[in-house]
Amino acid sequence: MIMNLRVATYDLQLKHTFTISRSARKSVPVVFCEFEHDGIIGRGESSPSSRYNESVQTVLKFFEKINLKRFGNEVDIPRIMDYINQVDSGNSAAKAAIDISIHDWIGKKEGVPLWKKWNLDKSKIPITSFTIGIDSPDLISQKVKEAEEYPILKVKLGVADDLEIIKIIRKHTSKLIRVDANEGWKIKEEALEKIMWLVKQNIELIEQPMPATQLDDIKWLHERAGLPLIADESVSNSADIKDIAGYFDGINIKLMKAGGLREAYKMIEEAKKNNLKIMLGCMIESSLAISAAAQLLPFADYADLDGNLLISNDPFDGVKYQDGYIKLSDEPGLGVTKRL
Ligand code: MG
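Since the model is a prediction, treat every value here as computed from it, not as a measurement.

### Description of the sheet that holds strand E8 (residues 229-231)
Think of a sheet as strands paired side by side through backbone hydrogen bonds, with each pair either parallel or antiparallel.
(1) Moving on: If you walk across this open sheet you meet the eight strands as E4-E5-E6-E7-E8-E9-E10-E11, and the pairing is parallel. Only two strands of the sheet have a single partner each, and these edge strands are strand E4 (129-132) and strand E11 (302-303).
(2) Moving on: Examined bridge by bridge, strand E7 (residues 203-207) and E8 share two bridges and lie parallel to one another. Directly across from Ile206, in E8, lies its bridge partner Leu229.

### Section: the nonpolar core
(1) Moving on: Counting 91 residues, the largest nonpolar core has Trp185, Leu198 and Ile251 as the members making the most contacts within it.
(2) Moving on: The element contributing the most residues to this core is helix H12 (residues 287-294), with six residues.
(3) Moving on: Counting contributing residues per domain, this core is built from domain 1 (4-111) and domain 2 (116-338), each supplying no fewer than three.
(4) Moving on: Residues in contact with Trp185, not counting those within four places in the same chain, are Leu157, Gly158, Asp162, Val179, Ala191, Lys194, Ile195, Leu198, Ile206, Pro209, Met210 and Pro211.

### A few points about the pattern of salt bridges
(1) Moving on: Per the stated rule, a full pass over the model turns up 29 salt bridges.
(2) Moving on: The partner of Lys117 in a salt bridge is Glu110, and the shortest N-O contact between them spans 3.0 Å.
(3) Moving on: Given the relative accessible area of 35%, Lys117 is considered partly exposed.
(4) Moving on: The class for Glu110 is partly exposed, based on a relative accessible area of 45%.
(5) Moving on: The closest approach of N and O atoms between Asp232 and Lys257, which form a salt bridge, is 2.7 Å. Placement of Asp232 in the loop between E8 and helix H9 (241-244) and of Lys257 in helix H10 (residues 255-258) is noted, with a sequence separation of 25 residues between them. Like Lys257, Asp232 is buried.

How each quantity is defined
Residues numbered from 1 in each chain as written. Predicted model: local features only at pLDDT ≥ 70, side-chain atom pairs only at ≥ 80, totals over all residues. Heavy atoms only, no water. Pairing = 2+ DSSP bridges. Helix = DSSP H or I, 4+ residues; strand = E, 2+ residues; numbered from the N terminus. Core = buried A, V, L, I, M, F, W, Y, C linked by side-chain atoms within 4.5 Å. Buried < 20%, exposed > 50% of the residue type's maximum accessible area, 1.4 Å probe, protein only. Domains from an automatic or database assignment. Contact = heavy atoms within 4.5 Å. Salt bridge = Lys/Arg side-chain N within 4 Å of Asp/Glu carboxyl O.

The quantities given are spatial measurements derived from coordinates; they are silent on function.
Next up, the structure:
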């Protein structure tokens, strides 16, 4: 019996054009993969981002280089992922798809959900935030209404009219807000001025206030900001953590940056050692990759797994949402099924 790896591309359609400080998109192309062996299919997903020099084309090219024949009959995640990692550097979203599919396969083979395999308590999961992208005042108002059932909003800033965006939202709701500037603030004094205004607006934290390349400015800001700073673009994998510890209060862990669940798990251990808070985040992804990341939620201080809620053609059923809480399934593997 050989291990089979199949891929297919798919366009996730966004309910609203999704705008952040550096880009605007109506749809997001992703790559799904199936790892089949011994009559069991494990599923994975790759949502490549140009911010990390990946695209559907680079993901497909990476898959062409993979040959699992060398592993014979033994599905050993560390051995297979060590091989995948040495095939080429980077390509973390491509690697994530493979890692996710093999984890799903292992869970199905053993008949356990991954959170249970890792001895995690699924009742200990923080509330997830719902993301509001940058938009016109009318659309922002509409999105805030659509997000009514979610107790925490994540608001994308990093543009000229940041304060206006928050003022519009505050006309409709006083609920807790997380701000994500997506590297949009380029001048430290201006960033500090915005944060000093935001402190008074029931803001929980600021994610990636300034570009990852401006770490000295981020350090300056961190010494003065009255709100926790969370690293997103500044940290992709466990090796990056030592470079940013001390400049941030926490890190946003995403499977697509890390290269899958195995590395995300290592990041959690490394974050704990460095006294950093843990946020589990996502790209725009279907319920497949979201359900994979959700397996690690009992480790998280902050949950930000809503990429699947922003799309209109999700081909998978996975984790459920209740009053802002993600409910992990008792089904084996990722607990994901394909919609007909
Ligand atoms: Mg972010």
